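What follows is the residue order along each chain.
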Amino acid sequence: MSAPSRVRLRPATETDIPDLERWDREPHVLACMGKEAEEGPADWHAELAFYAQCGEVLIAELDDRSIGVLQIIDPNRDPSQYWGEMAPGYRAIDIWIGEADLLGQGHGTAMMRQALARCFAVPEVEAVLIDPLESNTDAIRFYRRLGFRDVGPRRFDEDDCLVLKFDRADFG
Ligand SMILES: CC(C)(COP(=O)(O)OP(=O)(O)OC[C@H]1O[C@@H](n2cnc3c(N)ncnc32)[C@H](O)[C@@H]1OP(=O)(O)O)[C@@H](O)C(=O)NCCC(=O)NCCS
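By the naming in an unreviewed UniProt entry, the protein chain is GNAT family N-acetyltransferase, taken from Hyphobacterium marinum.

Undergrad: How would you summarise helix α4 (residues 107-120) if you had to cite specific residues and measurements?
TA: With 14 residues, α4 extends 20 Å from end C-alpha to end C-alpha; this agrees with the ideal 20 Å at 1.5 Å per step. Restricting attention to buried positions, one finds in α4 the residues H107, G108, A110, M111, M112, A115, L116, C119 and F120.

Undergrad: An account of the UniProt feature "domain: N-acetyltransferase" (unreviewed entry) in the protein chain is needed here, citing residue identities and associated values.
TA: The feature "domain: N-acetyltransferase" (unreviewed entry), as annotated in UniProt, sits at residues 7-169 in this numbering. The span residues 7-169 is 29% helical and 31% strand by assignment, and the distance between its end C-alpha atoms comes to 25 Å.

Undergrad: Now, about the pairing of strand β5 (residues 127-130): what can you tell me, with residues and values included?
TA: Of the two faces of β5, the one holding A127 and L129 and the one holding V128 and I130 are both buried throughout. As judged from the three bridges shared by strand β4 (residues 90-97) and β5, these two strands associate in the parallel manner. Counted as the bridge partner of A92 is L129 from β5. Relative to strand β7 (residues 159-167), β5 runs antiparallel, the two sharing four bridges. Residue pairing across strands places V128 opposite F166, the latter belonging to β7.

Undergrad: Lay out the pairing of strand β2 (residues 55-62) with the relevant residues and their values.
TA: The element β2 is largely enclosed, with a buried count of six among its eight residues. Strand direction decides the pairing type here: strand β1 (residues 7-11) and β2, joined by five bridges, are antiparallel. Across the sheet, residue V7 finds its bridge partner in β2, namely L62. Two strands pair when backbone bridges link them, and β2 and strand β3 (residues 65-73) are joined in this way by eight bridges, in the antiparallel orientation. Among the inter-strand pairings, A60 is bridged to a residue of β3, identified as G68.

The rules we used
- Residues numbered from 1 in each chain as written.
- Predicted model: local features only at pLDDT ≥ 70, side-chain atom pairs only at ≥ 80, totals over all residues.
- Heavy atoms only, no water.
- Helix = DSSP H or I, 4+ residues; strand = E, 2+ residues; numbered from the N terminus.
- Expected span 1.5 Å × (residues − 1).
- Buried < 20%, exposed > 50% of the residue type's maximum accessible area, 1.4 Å probe, protein only.
- UniProt positions renumbered as here; feature names shortened; annotations may be inferred.
- Pairing = 2+ DSSP bridges.

Structural data, given as structure tokens:
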């Protein structure tokens, strides 16, 4: 049996903003953002207020160190309609590990497994979506290994992405 993960998720608060802003300047984080990265630094006060309406922002802690972030949104309640007109029953996730020295050590896998469990704990949720840049082949391999299946290419604003989906039936 594998050892229990040392990673846990907790809701982000305003006290996390310095870490979130620092991670946003990391080259490996900028690389996964697409055109958004050219728009300048995110306003995390506004981001936290936005997600409070239609999802949640979670910080991953390894022991007591904050190492990364997950954003979970209900596309049906998203006022920006990023995913377009969506029926209830979906969630969409963004994930990044901010601390470069902690990439590629299994923490992202632990974070995503916990995030999927959190999404599917809501009975109405039928599927979880993600939209990596088509160029982010490392992340796409990571998602496929977790069990996400390709839906297909989709352009969001100016970014060419690949949409992948994790169905409730595949979870368990
Ligand atoms: C994608 C990410 C969350 C995966 O978490 P992780 O802890 O690094 O991944 P794990 O150790 O659990 O799994 C390893 C796999 O992650 C993937 N991966 C993606 N980006 C990676 C990176 N920058 N460094 C190392 N592995 C990465 C690889 O597919 C790797 O598998 P491989 O051994 O076949 O190359 C993390 O690497 C990350 O934050 N990357 C930068 C930001 C990003 O691309 N986020 C996704 C946006 S859609």
